[in-house]
Amino acid sequence: MKSLTVSEAVAARRSVRAFLPTPVDEAVLRRALERALRAPSGGNLQPWRLRVAAGALLERIKAAVVQRALERPEGETADYPIYPSPLASPWRERRYQAGEALYASLGIGREDRAGRRAQFLNNYRAFGAPVVIFFYVRRGHGAPQWADVGMMMQTLMLLLREEGLDSCPQEAWAPYAATVDAHLAPHEDEMLFAGLAVGFRDPDAPINRFEVARAPIDEIVSFHA
């Protein structure tokens with residue numbers, strides 16, 4: 001396989017929400033993870049802790065979290081808010097537009113609450129991915145360390161593309177951290193930040209092909225001299 005440039009990996013990466021059942025070679029995954037550990041962090045703290053779940057263990061986690069999501073759709077814990085409340089403009093519109101594009105790709109209308117709920121539950125099936133990497137942060141670490149974890153996650157996602165793999169970062173696991181933790185037994189001072197579904201995208205799935213809009217550079221970037 002031809003290696004991708006960084007620009008090509010950035011362009012090819014997207015949040016994949018329909019994976020093939022094809023297994024992921026552990027050696028390939030380990031290679032990407034070892035390289036991703038070169039990601040920067042303030043003071044070289046390396047404040048991340050990763051737990052890789054696959055096989056029967058992952059299937060148990062998926063089944064348990066789907067069941068808890070059915071029982072408690074509001075979540076079972078609230079270690080951190082995924083979005084600010086209220087979510088102001090323009091971020092509210094960006095989130096709305098992304099969600100509408102996703103559901104439109106599946107033919108699920110705004111009035112179809114059951115269909116939307118069913119699709120949302122696919123988060124907890126990791127969209128069929130055979131591997132999920134769970135990212136933990138130490139309780140008491142602050143925003144700079146959380147930013148470091150985000151840089152590490154993005155570095156890993158690009159390296160996975162270089163290996164021909166796809167991914168989907170999922171903060172959706174965080175509201176059900178207690179159930180995930182029951183299977184992974186993290187240290188009591190560790191908090192679940194997010195999961196990263198990993199596998200091979202289904203190229204025929206419409207949900208993997210809808211346009212993901214980005215704001216133009218002049219809306220985001222200002223130059224000062």
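This section reports on the structure supplied with the text. Predicted, not measured: the structure shown is a model, and the values here were computed from it.

Within the span of helix α5 (residues 113-121), buried status applies to Gly115, Arg116, Gln119 and Leu121. Summarising the contacts, the buried residues of α5 are in contact with α3 (55-71) and α4 (91-105).

One finds Ile133, Phe135 and Leu156 to be the most contacted residues of the largest nonpolar core, which totals 28 residues. Where this core is concerned, the elements lending two or more residues are α2 (26-36), β1 (48-54), β2 (131-138), α6 (143-162) and β4 (190-199). Sorting elements by how many residues they give to this core places α6 first, with seven residues. When neighbours within four sequence positions are excluded, Ile133 is seen to be in contact with Leu29, Leu33, Leu50, Arg51, Val52, Leu156, Ala194, Gly195, Leu196 and Val198. In terms of nonpolar packing, the next biggest core, distinct from the first, is built from 25 residues, Ala69, Ala172, Ala177 and Val180 among them.

Under the counting rule described, the total for this entry stands at seven aromatic pairs. Geometrically, the ring pair formed by Tyr80 and Trp146 is edge-to-face, given 5.1 Å between the ring centres and 90° between the ring planes. Remark: Trp146 occurs in helix α6 and Tyr80 occurs in the loop between α3 and α4; sequence separation between them is 66 residues. Residue classification places Tyr80 among the buried residues on the basis of a relative accessible area of 13%. Of the residues examined, Trp146 reaches a relative accessible area of 23% and is grouped as partly exposed. Between Tyr80 and Phe193, the aromatic rings sit 6.0 Å apart at their centres with planes inclined by 35°, giving tilted as the arrangement. You can see Tyr80 sitting in the loop between α3 and α4 and its partner Phe193 sitting in strand β4, a full 113 residues away along the chain. Taken together through their ring pairs, the aromatic side chains of Phe120, Tyr124, Phe134, Trp173 and Tyr176 make up a single cluster. Positioned over the ring face of Phe210 is Arg14, at 5.0 Å from the centre of the ring. Over the face of the ring belonging to Tyr136 we find Arg51, whose NZ or CZ atom lies 4.9 Å from the ring centre.

The next subject is the side chain of Gln145. In this structure, Gln145 sits in helix α6. Those residues within four positions of Gln145 in sequence are excluded, and the remaining contacts are Leu45 and Pro47.

Parameters and conventions
Residues numbered from 1 in each chain as written. Predicted model: local features only at pLDDT ≥ 70, side-chain atom pairs only at ≥ 80, totals over all residues. Heavy atoms only, no water. Buried < 20%, exposed > 50% of the residue type's maximum accessible area, 1.4 Å probe, protein only. Helix = DSSP H or I, 4+ residues; strand = E, 2+ residues; numbered from the N terminus. Contact = heavy atoms within 4.5 Å. Core = buried A, V, L, I, M, F, W, Y, C linked by side-chain atoms within 4.5 Å. Phe/Tyr/Trp six-rings, centres within 6.5 Å; stacked < 30°, edge-to-face > 60°. Lys NZ or Arg CZ within 6 Å of the ring centre and 35° of its normal.

So yeah, pure geometry; function would need other evidence.
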